[in-house]
Amino acid sequence: FRMRLPEWATFTSMALLTASFFIMMMESGIRQTMNVFAADMTKQFACDQNTALMIVVVLPNAASLMTGPIAAILYNIFGARVTITAGSILTALGFIGATFITSIYHMIFFSILIGLGCGMIRNAVISVHCEYFPIEIRNTTISFICIGPGIGIFVFPRLFKISLDVLNWSMAFYGIAILYGICGAMGLFFSKCPSRKKTLCDIFGLGIWKHPGFIANEFAAFFASTTAMVYVSKTLSWMKSENVENPEFLYSYSGIASIGGRIILTILLGLKVPVGILMIFSYIFGQLAVPVAAFCTEEICFGFQNAFVGLGSGFYQTCLSPYLMHYLGPELLSSAFGYTNLINGTAALLSIFLTDKVSSLLEGEDSEFIFLAVVGVLSCLCGALSFLLFKIFAKPGLKVVKKHIEVPIENGRSLPEQQSRLLNGNTQVVKHKTTDSEDLRDAVREYIRKCTLDEPPTTLDEYANDMGRPMDEETRRRLTGDSDE
């Protein structure tokens, strides 16, 4: 007896899945734990704590998110290899350059450079999975690589703390630059490019703004990012105000719980649990756990609070890409992810200012926690509304066909007849044993899907141009359903 592996489980695919996991672990894990360096930045630049947090936490995270559309455009034009490598170089240069400066304004520039590089890496790594894995496994692979940041959030604060105790922040930044250099080396192996875009509207992904479900999702993302950034920036100070020992250790609980949340969500997606329902639960866990810090005074309480925030964060970060891909389609994933990151970055940039402003207006001891509770509830409501709108309205570019419309294509066949032959011949494609069998099977599925668009390809050669692949005789035979005879 010999177990037969699925055709997508090749050595190349598994190697790229592993590389994606480690790239995500280093990119997001490092970026989200930079608050460990806030105290050193305060001494280095003689500034207050909020300014230090702005430099090492808010600016890199906000820049990595706000440059999402730029990252999406670069991915749509150049592909994952160029985008990941260039992003890694920019990030490494940002960390290296930060060790030579003495002005806080120069540090701001390098923080933004770090954020831009991170945004390019993250968008390309997630989007390129649509090119390597078939649709039935795509959600699981994307959620799997999103486990990496949770491990990074758990590991890197401890490594940074050790490096600060033994060495200094400059040497830690050199080590981080080396890690991002490794990310760039891994990015060289991502050879596939996205389907070619024909218009500027396709490249910029402007069509997604026509969908009310996506608009509601952006409001939910704005509110969610506000609470998340305030939590990342101020959770250590909240614990220190209650005289909690080793707040960095308690903060790492969120990383542990985030790993658990990501693993649980990966399993649930593999079990075909509706991604929209999982998205709503991610909002509930992550958002409503943040203001609970107002009631925490002991280590054990802060430990549970950090754990629930991490669980919700793991759910959200793992679920976001499959959620957008499921309701908008793989062609719009990079653009949708980029615009969502832009909204998240805008919220992150404004989060500290808004929280401090509202707290000063309310003039209460727990005013900032009340504000965070209100924002968290709004995030949950907008998330639920987004799910409902996605269920009601069709994907952008699709139309519901109730009647068979006779559209002639190659070989004299009509569109319904062609689709029927493609579907009936799919088992033959699966059994095809040449080295190009996986590409051919994906090509058949993609062609069937494209025939449901408002402007389907009218010839196989036009379809080949859309896919960016040659139309050889073998591919033509498989697409038309012709037999070997």
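Scroll up a little and you will see the structure.
Treat the numbers as computed from the prediction; the structure is a model and nothing was measured.

### Thoughts on the overall build of the protein chain
Helix and strand content of the protein chain: 22 helices and 0 strands. Within the protein chain, buried positions represent 54% of all 485 residues. By sequence separation, contacts in the protein chain at least 24 residues apart represent 80% of the contacts at least 6 residues apart. Counting every atom, the protein chain has about 21,600 Å² of accessible surface; 67% of that belongs to carbon and sulfur.

### Thoughts on the packing of aromatic side chains
Applying the stated criterion across every chain, the model contains 19 aromatic pairs. A centroid spacing of 5.0 Å and a plane angle of 50 degrees characterise the contact between Phe 37 and Phe 160, whose relative ring orientation is tilted. Of this pair, Phe 37 sits in the loop between α1 (11-31) and α2 (38-45) while Phe 160 sits in helix α9 (residues 147-166), and the two are 123 residues apart along the sequence. Of the two residues examined, Phe 37 and Phe 160, each falls in the buried class. Summarising the aromatic geometry, the rings of Phe 37 and Phe 173 are spaced 5.2 Å apart at their centres and angled 80 degrees between planes, so their arrangement reads as edge-to-face. With Phe 37 in the loop between α1 and α2 and Phe 173 in helix α10 (residues 169-187), this pair connects stretches of sequence that are 136 residues apart. Relative accessible area serves as the criterion here: at 0%, Phe 37 is assigned to the buried category. Taking the relative accessible area as the measure of exposure, Phe 173 reaches 0% and is therefore buried.

### Quick look at the environment of Met 279
Relative to the assigned elements, Met 279 resides in helix α14 (residues 275-289). Between the C-alpha atoms of Met 279 and Gly 383, which are 104 residues apart in sequence, the distance is 7.5 Å. Filtering out sequence-adjacent residues up to four positions away, Met 279 remains in contact with Tyr 316, Cys 319, Leu 320 and Tyr 323.

### Focus on a negative patch on the surface
On the surface, Glu 242, Glu 245, Glu 298 and Glu 299 cluster together into a negatively charged patch. With respect to the helices and strands, the residue Glu 299 is situated in helix α15 (residues 299-328). Glu 299 sits in the partly exposed class, given a relative accessible area of 37%.

### Thoughts on the side chain of Thr 33
Positionally, Thr 33 belongs in the loop between α1 and α2. When its relative accessible area of 0% is taken as the criterion, Thr 33 is described as buried. At a separation of 2.8 Å, a polar atom in the side chain of Thr 33 contacts the main-chain carbonyl oxygen of Gly 29. Ignoring sequence-local partners within four residues, the contact set of Thr 33 consists of Ile 153, Phe 156, Pro 157 and Phe 160.

### Digging into a nonpolar patch on the surface
Taken together, Ile 277, Phe 281, Ile 284, Leu 288, Ile 370, Val 374, Val 377, Leu 378 and Leu 381 make up a surface patch of nonpolar side chains, about 750 Å² in accessible area. Elements represented by at least two residues in the nonpolar patch include exactly α14 and α17 (367-392). Looking at the element boundaries, Ile 370 is found in helix α17.

### Re the environment of Gly 87
With respect to the helices and strands, the residue Gly 87 is situated in helix α5 (residues 80-98). For the pair Gly 87 and Tyr 180, spaced 93 residues apart in sequence, the C-alpha separation works out to 8.9 Å. When residues no more than four places from it in sequence are discounted, the contact partners of Gly 87 are Gly 117, Met 120 and Ile 121.

### Digging into the packing of helix α12 (residues 212-241) against α15
The description of two helices packed together rests on the angle between their axes and the distance between the axes. Remark: α12 packs on α15, axes separated minimally by 12 Å, with the N-to-C direction vectors making an angle of 155 degrees. When the interaxial angle is binned, α12 and α15 end up roughly antiparallel. For the pair α12 and α15, the sense of crossing is left-handed. Contact residues: α12 offers Phe 214, Asn 217, Ala 221, Tyr 231, Thr 235, Trp 238 and Met 239, while α15 offers Phe 302, Gln 305, Asn 306, Val 309, Tyr 316, Tyr 323, Leu 324 and Leu 328. Here the residues of the contact of α12 with α15 are counted per class, giving 11 nonpolar, 4 polar and no charged.

### A closer look at α9
Look at α9: 29 Å from first C-alpha to last across 20 residues, which is about the 28 Å you get at 1.5 Å a residue. The largest bend in α9 amounts to roughly 30 degrees and is located at Val 155, with the proline Pro 157 lying one to four residues further along. Among the residues of α9, those classed as buried are Ile 147, Gly 148, Pro 149, Gly 150, Gly 152, Ile 153, Phe 156, Pro 157, Phe 160, Ser 163 and Leu 164.

### Some points on helix α6 (residues 104-127)
Relative to the 34 Å expected for 24 residues at 1.5 Å per residue, α6 spans 35 Å between its end C-alpha atoms, a close match to the ideal helical length. Counting buried positions along α6 yields 17 of 24 residues, so the element is predominantly enclosed. Regarding α6, its N-cap is Ser 103, as a side-chain oxygen of that residue lies 3.2 Å from the backbone nitrogen of Tyr 105 further along.

### Regarding the nonpolar core
Ile 30, Phe 37, Phe 95, Phe 173, Tyr 180, Phe 190 and Leu 324 are the most contacted members of the largest nonpolar core, which totals 109 residues. With residues up to four places along the chain from it excluded, the contact list for Phe 37 reads Phe 160, Leu 164, Trp 169, Ala 172, Phe 173 and Ile 176.

### Description of the state of the cysteines
What the rule picks out here adds up to 0 disulfides. Take Cys 118: it sits in no disulfide, and the sulfur closest to it among the cysteines is that of Cys 183, at 8.7 Å. Taking the relative accessible area as the measure of exposure, Cys 118 reaches 0% and is therefore buried.

### Here we look at the environment of Asn 168
Within the secondary structure, Asn 168 sits in the loop between α9 and α10. Between the alpha carbons of Asn 168 and Asp 40 there is a distance of 8.7 Å; along the sequence they are 128 residues apart. Polar contacts involving the side chain of Asn 168 include one to the main-chain amide nitrogen of Ser 170, which spans 3.1 Å.

### Section: the pattern of salt bridges
As enumerated under the stated definition, the model contains 3 salt bridges in all. A salt bridge links Arg 122 to Glu 27, with the nearest nitrogen and oxygen atoms 3.2 Å apart. Within this pair, whereas Arg 122 is found in helix α6, its partner Glu 27 is found in helix α1, the two being separated by 95 residues in sequence. Residues Arg 122 and Glu 27 agree in their burial class; the two are buried. Its salt-bridge partner being Asp 165, residue Lys 161 comes within 3.5 Å of it at the nearest N-O pair. Of this pair, Lys 161 and Asp 165 both sit in helix α9, 4 residues apart, roughly one helical turn. For Lys 161, a relative accessible area of 33% translates into the label partly exposed. Accessibility expressed as a relative area gives 58% for Asp 165, which makes it exposed. Residues joined by salt bridges that share partners form a network here, namely Glu 27, Arg 31 and Arg 122.

The rules we used
Residues numbered from 1 in each chain as written. Predicted model: local features only at pLDDT ≥ 70, side-chain atom pairs only at ≥ 80, totals over all residues. Heavy atoms only, no water. Helix = DSSP H or I, 4+ residues; strand = E, 2+ residues; numbered from the N terminus. Buried < 20%, exposed > 50% of the residue type's maximum accessible area, 1.4 Å probe, protein only. Contact = heavy atoms within 4.5 Å. Areas by Shrake-Rupley, 256 points an atom, 1.4 Å probe, with all protein chains shown as cover. Phe/Tyr/Trp six-rings, centres within 6.5 Å; stacked < 30°, edge-to-face > 60°. Patch = residues over 30% accessible without salt bridge, like charges linked within 9 Å, V, L, I, M, F, W, Y side chains within 5 Å. Salt bridge = Lys/Arg side-chain N within 4 Å of Asp/Glu carboxyl O. Lys, Arg positive; Asp, Glu negative; His and termini not counted. Charge placed at Lys NZ, Arg CZ, Asp CG, Glu CD. Polar contact = N/O pair within 3.5 Å; in protein donor to acceptor, adjacent residues only side chain to side chain. Axes fitted to C-alpha atoms, helices over the stretch in contact; angles between N-to-C directions. Parallel < 35°, antiparallel > 145°, perpendicular 65-115°, else oblique. Left-handed = near helix turned anticlockwise from the far one by under 90°. Nonpolar A, V, L, I, M, F, W, Y, C, P; charged D, E, K, R; others polar. Expected span 1.5 Å × (residues − 1). Bend = angle between axes of the 7 residues up to and from the residue. Core = buried A, V, L, I, M, F, W, Y, C linked by side-chain atoms within 4.5 Å. Disulfide = S-S within 2.5 Å.

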